[in-house]
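# Commentary on secondary and tertiary structure
The chain contents come next:
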Amino acid sequence: MGTGISLIGTSWDVQWHIDVGPDTFFTLPHLFIYAGSAIAGIASLVAVLAVTAAQRRGETPDPTDGGVPIRVFGGRFTAPLGYLVTGVGAAMFLLYGLIDLWWHTVYGFDAVLNSPPHVALFTTVSITMIGAVIIAAASREQRWGRIAMAISVPVLMTFFPITANAFQGLPLPFNPVVVATAWIIVLLLVVTRVAIDRPGAAALTAAVLLVMQGILWLFTPWAAETYAGAVGLPLRDGLGDESPYIPAGIPLAGLLAAAVIELLIKRGPVIAVGIAGLILGVTFQLQQSWLHFAGPSTLSVLVATAIAGGLFGMLGGYLGARFGVILRVREKVAA
């Protein structure tokens, strides 16, 4: 729940900057962002303390409850892997939140998303979301675990393109944001397919991603406009029919890529993930141009992005298969 609240707050906050303008540190979208990380952090702390207390009573931790148990701080605490990752991400987020407050105090308003504290904040939220995926995967044999994974993975997919903006200024012959997004989506589709090990798992994940995209597409412009009216601020002059920034930054062809993975992963996994990455590289580049998130795609950039998307898709598939196997491990991990 915490990661979903953070995602809603981030999408809302970014749209606020586009439709209204700069803001202060204490706003309702910021409250959503920080509340999401706080909820995830507190839940993780409670889980770690409960597992630690149970082990001290002589009980054996169940690896299906949040992942394999890990001894930390010299064995003083026992933390399920998923809750450990989520808790570390949430703690780092709150630390970088203070740095972001200092940054605004020294340098004033941010004009871009990819300022150093913002990139750090987005990265720590992504870490928190990875922990949520681990927690869901640990209970994949139960219905609630599969449902949680079908939600937590698309939440991470939705959020990662924001972090990918850090690569925007790299002098590369292809679009690095498109390629990074294609890489993470292919990786997570394969992770889901391998971890759950059921036909249709990747397609279901991509379908949920499309639903989340639609919800955010409707919600974020409405939320920004409604909140601006509530606090008595006008919208920017000259606003047209621009697409909402965060949901428009999610590939629309994720379901097609998932279908390719579902159909071909058993016959030729390298070919499957390569084709999926190529599809995302081409379609997402065209989507960005169509929605005016990038300049018109030249043939050379489109070809280079497609090739890079295919190559990084294969890398994502390779890593995703191995991460998916790791999520299926049930043995205790030593400190």
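A brief report on the enclosed structure follows. (Residues numbered from 1 in each chain as written. Predicted model: local features only at pLDDT ≥ 70, side-chain atom pairs only at ≥ 80, totals over all residues. Heavy atoms only, no water.)

### What to know about the overall build of the protein chain
When helices and strands are tallied, the protein chain shows 11 helices and 2 strands. The helix and strand sequence of the protein chain, counted from the amino end, reads α-α-β-β-α-α-α-α-α-α-α-α-α. Radius of gyration (C-alpha) of the protein chain: 20 Å, near the 20 Å computed for a compact globule of 335 residues. When the backbone C-alpha atoms are referred to their principal axes, the protein chain occupies close to 65 × 50 × 35 Å. Nonlocal contacts in the protein chain, meaning residues at least 24 apart in sequence, comprise 74% of its contacts between residues at least 6 apart. Accessible area for the protein chain stands at about 15700 Å²; split by element, carbon and sulfur atoms hold 72% of it. Across the protein chain, the 16 positively charged side chains and the 16 negatively charged ones have centroids separated by 19 Å. (Helix = DSSP H or I, 4+ residues; strand = E, 2+ residues; numbered from the N terminus. Rg over C-alpha atoms; globule rule 2.2 N^0.38 Å. Contact = heavy atoms within 4.5 Å. Areas by Shrake-Rupley, 256 points an atom, 1.4 Å probe, with all protein chains shown as cover. Lys, Arg positive; Asp, Glu negative; His and termini not counted. Charge placed at Lys NZ, Arg CZ, Asp CG, Glu CD.)

### Details of the packing of aromatic side chains
Evaluated as defined, the whole model comprises 9 aromatic pairs. Centre to centre, the rings of tryptophan 16 and tyrosine 227 are 5.1 Å apart; their planes meet at 50°, and the pair counts as tilted. Placement of the pair is tryptophan 16 in helix α1 (residues 2-19) and tyrosine 227 in helix α7 (residues 201-230), with a sequence separation of 211 residues. We note that tryptophan 16, like tyrosine 227, is buried. Measuring from centroid to centroid gives 4.9 Å for tyrosine 34 and phenylalanine 93, while their planes differ by 55°, and the two rings are tilted. Placement of tyrosine 34 in helix α2 (residues 28-56) and of phenylalanine 93 in helix α3 (residues 81-107) is noted, with a sequence separation of 59 residues between them. Looking at phenylalanine 93, the relative accessible area reads 2%, which means it is buried. Within the aromatic cluster, the residues linked to one another by ring pairs are Trp12, Trp16, Phe32, Phe219, Trp222 and Tyr227. (Phe/Tyr/Trp six-rings, centres within 6.5 Å; stacked < 30°, edge-to-face > 60°. Buried < 20%, exposed > 50% of the residue type's maximum accessible area, 1.4 Å probe, protein only.)

### Some details on the pairing of strand β2 (residues 77-80)
Pairing of strand β1 (residues 69-72) with β2 involves 4 bridges; the strand directions are antiparallel. Residue pairing for β2: proline 69 is matched across the bridge by proline 80. Counting the residues in the hairpin turn of β1 and β2 gives 4 residues, including phenylalanine 73, whose phi is positive at 55°. (Pairing = 2+ DSSP bridges.)

### Points about the environment of glutamine 288
Summarising the element assignment, glutamine 288 is placed in helix α10 (residues 269-290). Relative accessible area serves as the criterion here: at 10%, glutamine 288 is assigned to the buried category. In this structure the C-alpha to C-alpha distance between glutamine 288 and valine 178, which are 110 residues apart in sequence, comes to 8.6 Å. A polar contact of 3.0 Å, which involves the side chain of glutamine 288, links it to the side chain of asparagine 175. (Polar contact = N/O pair within 3.5 Å; in protein donor to acceptor, adjacent residues only side chain to side chain.)

### Structural notes on the packing of helix α6 (residues 176-196) against helix α11 (residues 299-327)
Packed helices, taken two at a time, are described by the angle their axes make and the gap between the axes. The interhelical angle for the contact between α6 and α11, taken along N-to-C directions, is 30°, at an axis separation of 7 Å. By the angle between their axes, α6 is roughly parallel relative to α11. Where α6 crosses over α11, the handedness of that crossing is right-handed. Looking at side-chain class alone, the contact of α6 with α11 contains 17 nonpolar, 7 polar and no charged residues. (Axes fitted to C-alpha atoms, helices over the stretch in contact; angles between N-to-C directions. Parallel < 35°, antiparallel > 145°, perpendicular 65-115°, else oblique. Left-handed = near helix turned anticlockwise from the far one by under 90°. Nonpolar A, V, L, I, M, F, W, Y, C, P; charged D, E, K, R; others polar.)

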